[in-house]
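# Structural description and commentary
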Amino acid sequence: MTVQEKINLLREELNNHNYNYYVLDHALISDFDFDIKIKELEKLETKNPVFFDSNSPTQRVGGEITKNFETVTHLNRMYSLDNSYSKEDLLDWEKRVQKMLGTSEVKYSCELKFDGASINLTYENGQFIKAVTRGDGFQGDDVTNNVKTILSIPLSIKKDFVSNFEMRGEIILPLDGFNKMNEERFENGEEQYRNPRNTASGSLKLQDSAEVARRPLDCLLYQVVTTERKYKTHFESLENARKVGFKVPDTIALATSIDEVFDFVNYWDVKRHDLPYETDGVVIKVNHLQQQEELGYTAKAPRWAIAYKFKAEQVSTILNKITYQVGRTGAITPVANLEPVQLAGTTVKRASLHNADQIEKLDIRVGDTVFVEKGGEIIPKIIAVDFTKRPENLEPTKYATNCPECNSELVRTEGDAKHYCPNEFGCAPQITGRIQHFISRKAMDIEGLGGETVDLLRKEGLIENYADLYDLKVEQVIPLERMAEKSAQNMIDGIIKSKNIPFEKVLFALGIRFVGETVAKKLVKHFKSIEFLMTATFEELINVDEIGDRIAQSIIDFSSNLGNIQLINRLISHGLQLEVSAASLENQTNKLDGQVFVVSGVFHQISREELKKAIEDNGGKVSSSISKKTNFIIAGDNMGPSKLTKAQDLGVEIISEQDFINKIN
Ligand code: AMP
Ligand code: ZN
């Protein structure tokens, strides 16, 4: 077998595995074996750059940074949809359609209306070219790098299908994945995302595609746009799209009359609550493509399609009380305690009121009758107050001024939606929460110690902060409730073992407000030790990539607190990793300090990824687009001609792979 054949075979095999896993939801290979094959392909591709293919499965892991998303004009306009809210609206639409077509012989494709961000995927000769958002319908943003990380989207269509086409669909965030992301944010002490739709569309505009790759996005397809007249009906084109690898949900159905359309609507109005993603309605489309063409478009929407919006389930109930929860970072969340009421199959007793602004906006008062809604969203939402039912003399809500747990006066900094309890070291839920965060899986990952035990240790007065964990003795722990000798030993062993956890995780574990996993990594890379980080000035901090005022101020606050300084000193004396280890420092220098590089083309001696890593390890920055800030372009073979002209226009120095290697050695 030639190298090329081997590469092609691996690509096809990996594409098939992606398809099985992400489209059919049925893995035929373990993650481990998949990784081995990807690595093998990566190696072959690096050694044989002539066979580079931007659609190779190795090119989907993310890592491209997009600073500005390019505006692209759509080849075919992306229309909006007319809405309808009742069966009468649908009957009217049917009449109009039949009248315009001059026949009652019309079939309809019935589909769910997916609630996400619309996307247009362009394919030429069966190869994926680009992904563009809807934008204003005429022009959208090129989000190709980000969309490529969604593994259910096939990049190369080999089988029997049209060859030049656009696939339209919706980028969505399934509920499971959305909930997991929120759990993580909760652990990081960050404000939770409100709903999957906004989070999905926000994800498309992230600058770092590696971050997009980490998000559990999916793409559901609902239209093939092409001038090739291979299929006569919309339904047929979608069925075939599914066959060649696109994720076309099998909820789609063909209706031969408007009555069957109603059946579909009624069925999903109830069953939608069991779907793994959100839907806010149904889309009904005239099935025959010839008829679609005859019907054409209004100024905004196709005449051959209409959306039917489900009514969000809503009930009204009484607000009994507003309570306040204290998170581990001291963030206060007001909670509406409601008269229990049945809603979309569950009993609702509580709903989040988010923050003081929200309370003010709703003008919600204890004793009010309120409308509660569950529009497919997980957490019930208070939509509005029923002012017609407001009893006389209801007191306007005064937001809490003091912490419900420790009575400290709450503070609110400008630009922050939330109030905070500033009593970091004396407020019980903050103390316990901080230790629970410290030991959690993504932080110190202490085996044999869980959140409940932390609670117990605190109540027994054995620990007051995370440094105390490292002073614990087996004998102190054994007498605790439900603690056997063996589990006590396991716990102490786990604590000792955590002294080897690398600095970036320790930094995350400290629970500094706004310092989540990603920020911790960035800080570690830049400052290399807790000492440098804690003595950094505000200016030094905001000069670090992606560190803004808010994060910088939080670090300054943390570092200037005497209690924190003592804690950190104790952690250091216990031997925790509070600086980057010598081994990982070995390959790092400041030779390229502050210089911005753009990498373009195909390379021979080292792979693109290695090149980027070498730049960053030596203090440089990698950017994906050429601008005035670019210092060097490292040009490989086949560097794009547009990049070349731009570089020349801006006078950016172009260097070769070898020049770069000389620079760092
Ligand atoms: P609207 O944003 O209310 O104008 O509705 C139009 C949008 O609905 C389109 O841009 C798509 O993003 C979205 N949509 C969701 N599901 C479908 C579907 N099955 N067919 C067509 N459009 C859909
Ligand atoms: Zn407090």
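Residues numbered from 1 in each chain as written. Chains lettered and ligands numbered in written order. Predicted model: local features only at pLDDT ≥ 70, side-chain atom pairs only at ≥ 80, totals over all residues. Heavy atoms only, no water.

## Topic: the UniProt feature "binding site: Zn(2+)" (unreviewed entry) in the protein chain
The criterion, for reference: UniProt positions are given in the numbering used here, feature names are shortened, and annotations may be inferred rather than shown by experiment. Numbered from the N terminus, helices here are DSSP runs of H or I no shorter than four residues, and strands are runs of E no shorter than two. Every residue pair with non-hydrogen atoms within 4.5 Å of one another is taken to be in contact. Exposed residues in this analysis have more than 50% of their type's maximum accessible area, buried residues have under 20%, and partly exposed residues fall in between, with area computed by a 1.4 Å probe over protein chains only.
In the numbering used here, UniProt assigns the "binding site: Zn(2+)" (unreviewed entry) feature to Cys403, Cys406, Cys421 and Cys427. In terms of the greatest pairwise C-alpha distance, the residues named above, spread along 25 residues, form a tight cluster of at most 8.6 Å across. Its place among the elements puts Cys406 in the loop between strand 16 (381-385) and helix 12 (428-439). Ignoring any residue separated from it by four or fewer positions in sequence, one finds Cys406 in contact with Cys421, Asn423, Gly426 and Cys427. Relative to the helices and strands, Cys421 resides in the loop between strand 16 and helix 12. Look at Cys421 and you get buried, because its relative accessible area is 2%. Every residue in contact with Cys421, bar those within four places of it in the chain, is listed here: Gly330, Ile332, Cys403, Cys406, Ser408, Leu410, Cys427 and Gln430.

## Observations concerning the site of ligand 1
Selection rule: Here a residue counts as near a molecule or strand whenever at least one of its heavy atoms sits within 4 Å of it. Throughout this description, a polar contact denotes any pair of N or O atoms lying within 3.5 Å of each other; where both atoms belong to protein, one of them has to be capable of donating a hydrogen while the other can accept it, and for residues adjacent in sequence the pair is counted only when both atoms sit in side chains. By the convention adopted, Pro, Cys, Tyr, Trp, Phe, Met, Ile, Leu, Val and Ala count as nonpolar, Lys, Arg, Asp and Glu as charged, and the other residues, Gly among them, as polar.
Taken together, Ser80, Leu81, Glu111, Leu112, Lys113, Phe114, Ser118, Arg134, Glu170, Tyr222, Val283 and Lys285 are the residues near ligand 1. Contact distances for ligand 1 include 2.5 Å between an oxygen atom and a side-chain N or O atom of Glu170. In this structure, an oxygen atom belonging to ligand 1 sits 3.1 Å away from a side-chain N or O atom of Tyr222. Of all elements in the fold, only strand 3 (108-114) and strand 10 (279-286) reach the threshold of two or more residues within the shell around ligand 1. Of all the elements, strand 3 adds the most residues to the shell around ligand 1, at four residues. When the residues that make up the shell around ligand 1 are grouped by side-chain class, the tally is five nonpolar, two polar and five charged.

## Quick word on the domain arrangement of the protein chain
Going by this rule: How far each domain reaches was decided by an automatic or database domain assignment.
According to the domain assignment, the protein chain consists of domain 1 (3-61), domain 2 (83-309), domain 3 (314-389), domain 4 (428-500), domain 5 (503-585) and domain 6 (596-664). One C-alpha centre belongs to domain 2, the other to domain 4; they are set 49 Å apart.

## Some points on the environment of Glu360
With respect to the helices and strands, the residue Glu360 is situated in helix 11 (residues 356-362). Look at Glu360 and you get exposed, because its relative accessible area is 64%. Linking Glu360 and Lys398, residues 38 residues apart in sequence, is a C-alpha distance of 9.3 Å.

## So, the side chain of Asp115
Examined against the element boundaries, Asp115 turns out to sit in the loop between strand 3 and strand 4 (117-124). For Asp115, a relative accessible area of 15% gives the class buried. Here the side chain of Asp115 touches Arg197 through a polar contact of 3.0 Å, side chain to side chain. With residues near it in sequence (within four places) discarded, Asp115 still touches Glu170, Ile172, Arg197, Glu278 and Asp280.

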